[in-house]
Amino acid sequence: MKSKYDLIVVGTGFASSFFLKKFLEKSDSRVRVLVLERGHFKTHQERLQQARNHYYQENPLHTPSSSFINKNPKKEWVFENNFGGGSNCWTGNTPRFMPNDFRMQRVYGVGKDWPLSYDELEPYYCEAEEIMSVAGPAQTPYPKSQPYPLPAHQLSRVDKVLAQHYGVLHFSQPSARASVAVGKRGVCCTSAVCRVCPVNAKFTIENSLQYLYEDPRVTLLYEAQVIGVDLSGTLARGVYYIYKGKEETVQGEVLVLGANAIFNAHILLNSGDTHPMTGKNICEQVGINVILHLNGLDHVGGSSVISGNGYFMYDGAHRKDYAGCLVEVNNGPYIRNEFGKWRQLVKLRLVFEDLPDSQNLVYPSQDKRKPVVDYQDHSPYVKRAIERLEKDITEKLSVLPIERIIIGKRTLATEYHICSTTSMGASFTEGVIDKHLIHHQYRNVFVLGSGAFPTVSPANPTLTLSALSLMAADKALSS
Ligand SMILES: Cc1cc2nc3c(=O)[nH]c(=O)nc-3n(C[C@H](O)[C@H](O)[C@H](O)COP(=O)(O)OP(=O)(O)OC[C@H]3O[C@@H](n4cnc5c(N)ncnc54)[C@H](O)[C@@H]3O)c2cc1C
Ligand code: SF4
């Protein structure tokens, strides 16, 4: 190992890998990059072996609860600390945000505007979709300058009824679950155990971008947990990390934090970052399950685990008063326990946006390796949407032959999408980082990932955070 690198990257998840990809493409053979990853590398085969027998029990790979202190155990935060991060256990849903998600304050008078527009990010959305080989339809509710790389997954019969009624607002879910074999990935066959896909159909860093870490310009160190950045004046000089139980330091010209929204904030706070918003506003979407018993309509025919995305409760004037909602049509093997009606059931997941709130915090503990997550509550904005849920779905889904609606008794403990702890803003007073993910105070520190999101849209975040990483590296190397 060298004592100084041109670039130090923390983590090997989506945020870091998409940044690194663009960085290596635009750099010459002389650059030297150090990647520090706190976890291990596990092959797909090893994961399959491990997943066997305990899929529905606690999987130690996916629940690293020992890595942070959770002050509110009713609210869970789930991620994976290993090579590839959340790509190992994600489901692969990759819808885009809507243009209004970037301008919530201007259009609806709630939340904050992003310092960038949908149009600025659009070319990088296309690039991220190419890299993940996303399967998606020709028509989408958001504008697209290029078609999806792979053909769309098939809609189920229930989706077809909704699509007939709602047109482009109910569409085949864009997903990084392959619809035709691509690279090392097989075709998604709706086995619905995506946390470890048996046929390797979903995009992971391991099956599609591992080559980045074999590039001769890159040195990758495992079991190296970064605990701080050496900050001074307007620049950072390097990072502190714990390797095999010992604290080490290494210097770098440019630092890239891709450790997720909890740990990026923690690393900055451990280092003395005094930006008033660092670690504040931890937030994610709020989900609730709804089951519909249908009369004479079988829920069959979809070709992936979530077959349809409904955007018909997502964007619109209601967002002035209450949260927008994405409706996911779950195509898992659910059976209704009534003779002759086995498949006349559909499970929906309603995913609501939430508004970040500064009472929800990440902060350091006595143990330099473990942040505290102190989450108080969801916002009144999302609670208002959930209060009126029964009325709204009765009306919006009346196009289906519904016998019975069963709404989950409580909201789900997590949506798996940790956001907003290092939010972006146009100036230092408006955000921790700028629109190219550079810290407003420390101008050689990139802070990647969904911690950057000033607002949390109903759509899944990973495609957007990956596009932001591509844009950040592209802009940095263009100037
Ligand atoms: C079960 C599940 C299902 C999901 N499904 C979807 C989905 O369908 N669609 C979607 O959009 N999103 C989904 N997500 C969310 C998605 O996984 C995250 O948005 C995404 O992984 C975030 O990417 P990231 O690179 O910012 O962070 P991560 O993927 O969490 O990567 C962080 C990396 O940093 C490393 N690291 C952490 N701390 C340190 C440190 N101190 N020092 C060194 N290395 C460190 C980690 O080991 C890891 O490699 C899902 C998540 C889960 C858990
Ligand atoms: S639905 Fe099945 S085949 Fe498709 S990604 Fe999930 S686990 Fe893999």
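Residues numbered from 1 in each chain as written. Chains lettered and ligands numbered in written order. Predicted model: local features only at pLDDT ≥ 70, side-chain atom pairs only at ≥ 80, totals over all residues. Heavy atoms only, no water.

A. Just the overall build of the protein chain, in detail. Along its length, the protein chain carries ten helices and 16 strands. By the compact-globule yardstick of 23 Å for 479 residues, the protein chain fits well, its C-alpha radius of gyration being 22 Å. The principal-axis extent of the C-alpha atoms belonging to the protein chain is close to 70 × 45 × 45 Å. Of all 479 residues assigned to the protein chain, the portion counted as buried reaches 59%. Expressed as a percentage of contacts within the protein chain between residues at least 6 apart in sequence, the contacts between residues at least 24 apart total 73%. Counting 52 positive and 47 negative side-chain charges, the protein chain places the averaged centre of each group 2 Å from the other. (Helix = DSSP H or I, 4+ residues; strand = E, 2+ residues; numbered from the N terminus. Rg over C-alpha atoms; globule rule 2.2 N^0.38 Å. Buried < 20%, exposed > 50% of the residue type's maximum accessible area, 1.4 Å probe, protein only. Contact = heavy atoms within 4.5 Å. Lys, Arg positive; Asp, Glu negative; His and termini not counted. Charge placed at Lys NZ, Arg CZ, Asp CG, Glu CD.)

B. Examining the site of ligand 1 more closely. What surrounds ligand 1 is a group of 36 residues, the closest being Ala15, Glu37, Gly86, Val226 and Thr462. One of the backbone N or O atoms of glycine 92 is found 3.1 Å from an oxygen atom in ligand 1. In this structure, threonine 462 approaches ligand 1 through a side-chain N or O atom, which is 2.7 Å from a nitrogen atom. For ligand 1, whose accessible area on its own is 1,000 Å², the fraction buried by protein is 96%. Going through the elements one at a time, helix 1 (14-26), strand 6 (224-232), helix 7 (261-270) and helix 10 (462-478) are the ones with two or more residues in the shell around ligand 1. Among the elements that line the shell around ligand 1, the one with the most residues is strand 6, at three residues. Residue composition of the shell around ligand 1, by class: 15 nonpolar, 17 polar and four charged. (Near = heavy atom within 4 Å. Polar contact = N/O pair within 3.5 Å; in protein donor to acceptor, adjacent residues only side chain to side chain. Areas by Shrake-Rupley, 256 points an atom, 1.4 Å probe, with all protein chains shown as cover. Nonpolar A, V, L, I, M, F, W, Y, C, P; charged D, E, K, R; others polar.)

C. Focus on the site of ligand 2. Around ligand 2 sit Arg177, Cys188, Cys189, Thr190, Ser191, Ala192, Val193, Cys194, Cys197, Pro198, Val199 and Val305, and those are all the residues in its vicinity. In the shell around ligand 2, the residues fall into nine nonpolar, two polar and one charged.

D. Representation of the side chain of arginine 336 in the model. Its location among the elements puts arginine 336 in the loop between strand 11 (325-330) and strand 12 (345-352). A polar atom in the side chain of arginine 336 sits 2.9 Å from the backbone oxygen of glutamine 344. Setting aside chain neighbours within four positions, we find arginine 336 in contact with His293, Leu294, Lys341, Trp342, Gln344, Leu345 and Glu403.

E. Just the sheet that holds strand 3 (residues 69-70), in detail. Read from one edge to the other, the open sheet built from three strands follows the order 3-14-13, with strand pairing classed as mixed. The open sheet terminates on both sides in strands that have one partner only, identified here as strand 3 and strand 13 (361-364). Packing against the sheet, helix 7 makes contact with strand 13 and strand 14 (371-374), and its axis sits at approximately 45° to strand 13. (Pairing = 2+ DSSP bridges. Axes fitted to C-alpha atoms, helices over the stretch in contact; angles between N-to-C directions.)

F. Main features of the pattern of salt bridges. In this structure the tally under the stated criterion is 26 salt bridges. Across the pair aspartate 474 and lysine 26 runs a salt bridge, and its minimum N-O distance is 2.7 Å. Note that aspartate 474 is positioned in helix 10 and lysine 26 in helix 1, a separation of 448 residues in sequence. In this structure aspartate 474 comes out as buried when scored by relative accessible area, which is 15%. For lysine 26, a relative accessible area of 37% corresponds to the partly exposed category. Between glutamate 248 and lysine 246 there is a salt bridge; the shortest N-O distance is 4.0 Å. Since its relative accessible area comes to 25%, glutamate 248 is described here as partly exposed. (Salt bridge = Lys/Arg side-chain N within 4 Å of Asp/Glu carboxyl O.)

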